[in-house]
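Structural overview for review
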Amino acid sequence: MKKNNYLLPIAGCLLFFIILSFIYFTPLLSGKYISQPDIIHYKGGAHELEQFRQTYGEDTYWSNSMFGGMPTYQMGANYPSDVVKSIDRLLRSFPTPASYLILLLSGFYLLGMVWLKNWKYALLGSLMFSFSTYFFIIIGAGHNAKIHTIAYFAPFIAGVYLLYQKKYVWGFILSTIFLSLQIAANHPQMSYYLFLALGLFGLIEFFYSLKTKTLKSFGISSGLFILACALSVGINSTRLLSTYEYSKETTRGKSELTISKNNSIPNQGLDNDYITHWSYGILETFNLFIPNFMGGGNNEKGFKTHHLESAIQQNIKSQEEYTQFQRAFNGSYWGEQPGTVGPAYQGTIVVFLAFLALFFYQGRYKWWLASATILSFFLAWGKNFGIFTDFMIQYFPLYNKFRAVSSALVIAEFTIPLLALLGTYSYFMDSSLSKAYKTKILYISSGFILIILLLLYFFGIHIFSFHTSLEGNTIKYEILEAIREDRFVLFQSDILRTFFLVLICSILLWAAEIKSFKSSYAVLAIAALSLVDLWGVDKRYLNNDNFVDKQFYKNPFPTQVTENQLQKAESDPTLARIVTAAPINQALEIIKQNDRAHYRVFNLLLSPFNETNTSYFHQSIGGYHGAKLRRYQDLIDFYLSDSLNLPILDMLNTKYIITADSIIRPIPNPNNNGNAWFVNDIVFAKNADEELLMLGQINNKRKAIINEKFKKDLTLKASLDTTSSISLKEYLPNNLTYESNSTDEKLGVFSEIYYPYGWKATIDGKEVPIYRADYTLRAVKIPAGKHTVNFSFNPPVIQKGKYITWATCFCFLAISSILLTYKYRKRNKLADNSNPI
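Residues numbered from 1 in each chain as written. Predicted model: local features only at pLDDT ≥ 70, side-chain atom pairs only at ≥ 80, totals over all residues. Heavy atoms only, no water.

There is a patch of nonpolar side chains on the surface, built from Phe448, Ile451, Ile452, Leu454, Leu455, Phe458, Phe459 and Ile463 and spanning about 790 Å² of accessible area. When you line up the elements, Ile463 lands in helix 21 (residues 435–463). Looking at Ile463, the relative accessible area reads 51%, which means it is exposed. (Patch = residues over 30% accessible without salt bridge, like charges linked within 9 Å, V, L, I, M, F, W, Y side chains within 5 Å. Areas by Shrake-Rupley, 256 points an atom, 1.4 Å probe, with all protein chains shown as cover. Salt bridge = Lys/Arg side-chain N within 4 Å of Asp/Glu carboxyl O. Helix = DSSP H or I, 4+ residues; strand = E, 2+ residues; numbered from the N terminus. Buried < 20%, exposed > 50% of the residue type's maximum accessible area, 1.4 Å probe, protein only.)

Strand pairing in a sheet is mediated by backbone hydrogen bonds. Such pairs are either parallel or antiparallel. Here we have three strands laid out as an open sheet, ordered 6-5-7, and parallel in their pairing. If you trace the sheet from one side to the other, it starts and ends with strand 6 (619–620) and strand 7 (654–658), each paired once. Pairing of strand 5 (residues 600–603) with strand 7, which is carried by four bridges, proceeds in the parallel orientation. Residue pairing in the sheet places Phe602 in a bridge with Ile657 of strand 7. (Pairing = 2+ DSSP bridges.)

A word on the packing of helix 21 against helix 23 (residues 477–513). At a minimum axis separation of 9 Å, helix 21 and helix 23 run at an interaxial angle of 165°. By the angle class used here, helix 21 and helix 23 are roughly antiparallel. When you trace helix 21 past helix 23, the crossing you get is left-handed. When grouped by side-chain class, the residues that make up the contact of helix 21 with helix 23 number 19 nonpolar, six polar and five charged. (Axes fitted to C-alpha atoms, helices over the stretch in contact; angles between N-to-C directions. Parallel < 35°, antiparallel > 145°, perpendicular 65-115°, else oblique. Left-handed = near helix turned anticlockwise from the far one by under 90°. Nonpolar A, V, L, I, M, F, W, Y, C, P; charged D, E, K, R; others polar.)

Turning to unusual backbone geometry, a few remarks are in order. Along the chain, Thr96 connects to Pro97 via a cis peptide bond; the corresponding omega equals 5°. Positionally, Pro97 belongs in the loop between helix 4 (83–91) and helix 5 (98–116). We note that Ser81 has phi near 60°; this positive angle belongs to a residue other than glycine. Even without glycine at this site, Leu398 takes up a positive phi of about 70°.

Counting residues in each nonpolar core, the largest one holds 157 residues, and the members touching the most others are Phe131, Tyr193, Trp368, Leu379, Phe414, Leu418 and Leu509. The element best represented in this core is helix 5, accounting for 14 residues. For Phe131, the residues in contact, after removing those within four places along its chain, are Leu20, Tyr24, Leu101, Leu105, Phe136, Leu531, Leu534, Trp535 and Asp538. Core analysis: the second largest hydrophobic core is formed by 70 residues, Ile648, Ile705, Leu747 and Tyr754 among them. (Core = buried A, V, L, I, M, F, W, Y, C linked by side-chain atoms within 4.5 Å. Contact = heavy atoms within 4.5 Å.)

What follows covers the layout of surface pockets. Looking at the second largest pocket, its volume works out to about 1100 Å³. Lining the second largest pocket are 36 residues; nearest its centre among them are Leu110, Val114, Leu162, Trp170 and Leu174. With nine residues, the single largest contributor to the lining of the second largest pocket is helix 5. Among the residues making up the lining of the second largest pocket, the classes are represented as 26 nonpolar, four polar and six charged. (1 Å grid on protein atoms, 1.4 Å probe; cavity = no way out; pocket = protein on both sides within 12 Å on 5 of 7 lines; lining within 4 Å. Points joined across faces, edges and corners; volume = space filled by probe spheres on them.)

Looking at chain direction, strand 11 (residues 725–732) and strand 12 (residues 735–742) are connected through seven bridges and run antiparallel. Paired with Tyr731 across the strands is Leu736, a residue of strand 12. The antiparallel pairing of strand 11 with strand 12 creates a hairpin that spans two residues between the two strands. Sheet topology places strand 12 next to strand 18 (residues 785–793); eight bridges connect them, and they run antiparallel. By the bridge assignment for strand 18, Ser740 is matched with His787.

On the basis of which strands lie adjacent, the open sheet formed by five strands has the order 11-12-18-14-15 and antiparallel pairing. The sheet terminates laterally at strand 11 and strand 15 (766–768), the two strands that pair on one side only. In this sheet, neighbouring strand axes are inclined to one another by 25° on average, regardless of whether the strands run parallel or antiparallel.

Purely spatial values, then, with no claim about function.
See below:
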């Protein structure tokens with residue numbers, strides 16, 4: 001009976017989470033789908049992969065859709081025997097994005113139940129965590145892997161917590177399962193930040209074990225934690241091994257160059273400026289408490305420009321002045337980042353309760369949560385806290401592999417709600433806290449915060465600049481003052497909002513303390529207040545406007561749109577992004593219909609290295625991806641980023657170049673080298689620097705640049721032969737077949753991107769070595785006469801990972817079975833001893 005009473009609230013809360021998620025994402029119920037910019041990019045880049053999967057019933061691990069060609073490991077490839085992904089799909093059986101919100105809510109609810117064993121507090125914690133505005137912003141942007149990974153933070157921590165509470169068996173099982181799911185969600189940067197926070201957790205536990213002389217249990221817990229981590233890695237071995245192998249050849253890996261176009265020294269990882277480009281401002285951290293503290297996002301809907309419009313009319317006299325103003329003006333946002341959709345708002349109620357927790361929660365985990373929160377701030381500040389950031393980039397393992405350091409706030413977005421939850425629980429349930437102490441702290445804390453808020457409301461314009469440094473240096477004083485006044489109005493509105501939320505929360509806490517109503521009612525009231533607070537801000541950035549009809553979700557690259565759709569797009573930014581590209585998509589489709597051969601397209605109408613419209617229809621010179629092959633990026637940096645370098649485009653088999661002049665009638669590039677060609681001479685380069693620089697000096701139709709390490713294998717005679725030929729006969733992204741005919745042994749160069757792992761070349765069925773030519777391409781030495789040349793991509797790492805995955809899954813099941821058997825035998829033995837016959 002007690003068990004049923006225990007399960008009923010859990011079932012009720014889970015049902016509530018489902019209902020709540022669909023209430024927030026109401027358009028899902030009417031058959032609409034969320035339109036996410038990054039997912040649109042993904043669909044374009046992965047289109048060739050998807051078509052291959054539908055046609056052949058399996059995955060290709062190579063695609064030519066983006067950047068000349070690249071592995072599909074980070075483009076949505078599925079892996080054989082991926083057990084953990086099957087579990088994940090079951091847990092996310094509801095439509096996106098409701099599935100992510102349900103996962104966030106239920107995951108933190110599990111943590112709350114494990115930690116506090118009280119459904120009301122678990123419900124409070126799940127609402128405070130899951131409705132963080134940052135989560136809704138990244139869902140709207142389409143950062144699905146990021147939110148997916150974050151959703152498994154809480155249940156994984158639940159397992160870790162159990163381990164260190166000597167609940168070894170279930171702690172080990174939960175830790176392994178949810179860390180495996182987290183890794184499978186495939187956003188290593190988020191997992192990396194969580195493990196930084198867990199490092200602090202480990203230190204706290206170690207010092208506590210020293211103090212209490214419980215080093216043995218600490219050792220057991222840590223050993224099982226390490227084992228859980230190892231098994232989680234093993235369960236994801238295919239994904240991790242292929243990604244690791246790929247990463248060595250990407251912009252995240254080591255560069256062979258000692259030069260760069262701007263004469264800087266290439267990084268062994270990402271460039272420091274690139275890593276810290278999105279650095280959170282130190283003052284901007286108050287956005288966690290007050291959403292519009294620094295203007296929210298660049299285009300806040302509530303931002304009124306009455307003062308600014310008047311100032312522009314009076315002070316701007318020419319189009320040139322207005323253009324200069326537009327370039328400098330940053331909208332409503334005046335923070336340190338280049339731009340932002342919205343703030344990392346954690347919630348006024350949540351942050352206020354976390355602040356109170358520093359006084360009410362006496363457990364050792366207060367120091368873990370507080371220190372992890374501070375670490376999160378330090379990391380997110382990036383270049384604004386350069387000493388710490390430079391240290392992390394230079395000396396901390398793998399830190400230089402990740403960009404957008406502001407993302408480190410995900411640590412705080414987990415630790416602050418958990419600290420708030422533990423503090424609230426202590427306020428109501430910790431009998432060691434006297435009523436006088438609690439009342440005193442509540443009065444002082446709330447009074448202090450409310451006074452600060454009133455001062456900011458009335459005098460904030462005299463305290464803060466309300467403009468960016470660029471605006472201050474560029475815009476006329478009269479106009480700048482108008483901008484400041486308009487931004488201050490927006491600032492005041494959220495200051496007032498924050499003031500009343502703090503006041504109401506304080507009254508609820510005070511009323512429960514003086515027994516005006518039960519503490520359980522106060523907890524539910526605070527949960528409701530926190531939900532109302534966060535819901536209102538979340539809807540500023542992710543609402544019904546983010547949803548589109550099914551046809552645009554299934555195909556976000558339409559070639560034709562109706563007049564009605566064009567009219568809707570005028571008031572719907574999400575739809576506008578899709579329909580405005582329709583004429584370009586149509587031009588790409590026309591090319592495809594008229595020319596079914598294998599070639600590449602360079603689209604200058606869109607930002608060529610930040611779009612996948614072209615990739616949806618064709619193999620593209622450009623694309624959109626966070627981990628491009630490094631050598632291809634070098635090619636972009638030196639030859640394609642700021643000029644139309646035809647010889648480089650020719651060797652990449654660029655048959656069409658789309659410009660504004662050619663959108664109506666696409667003009668082919670007749671001088672492209674084709675799919676493959678024989679060269680008459682080989683030029684050997686001493687190193688990568690020479691390979692890249694010489695590429696701009698030779699005629700790549702006649703000569704090939706090869707690194708001298710291959711020289712002993714390539715002793716060919718230089719000869720001019722116009723009768724030899726090599727042509728593509730069959731094309732699949734992972735299997736290409738050519739026919740060659742030559743009078744002499746020659747070097748055949750192929751307009752396919754060189755990748756050292758997984759590609760196998762054969763001539764008439766006999767394997768031959770693949771050489772790297774022209775810095776980025778493949779080359780094969782072909783004997784005289786007629787031959788069939790084949791390239792196939794069957795990376796051994798996939799099979800290797802498959803075997804390790806199965807072995808690890810077996811080990812996990814075996815270890816779990818042994819531990820569970822031992823646990824229940826021990827429990828039954830104790831029960832028998834306590835009840836002798």
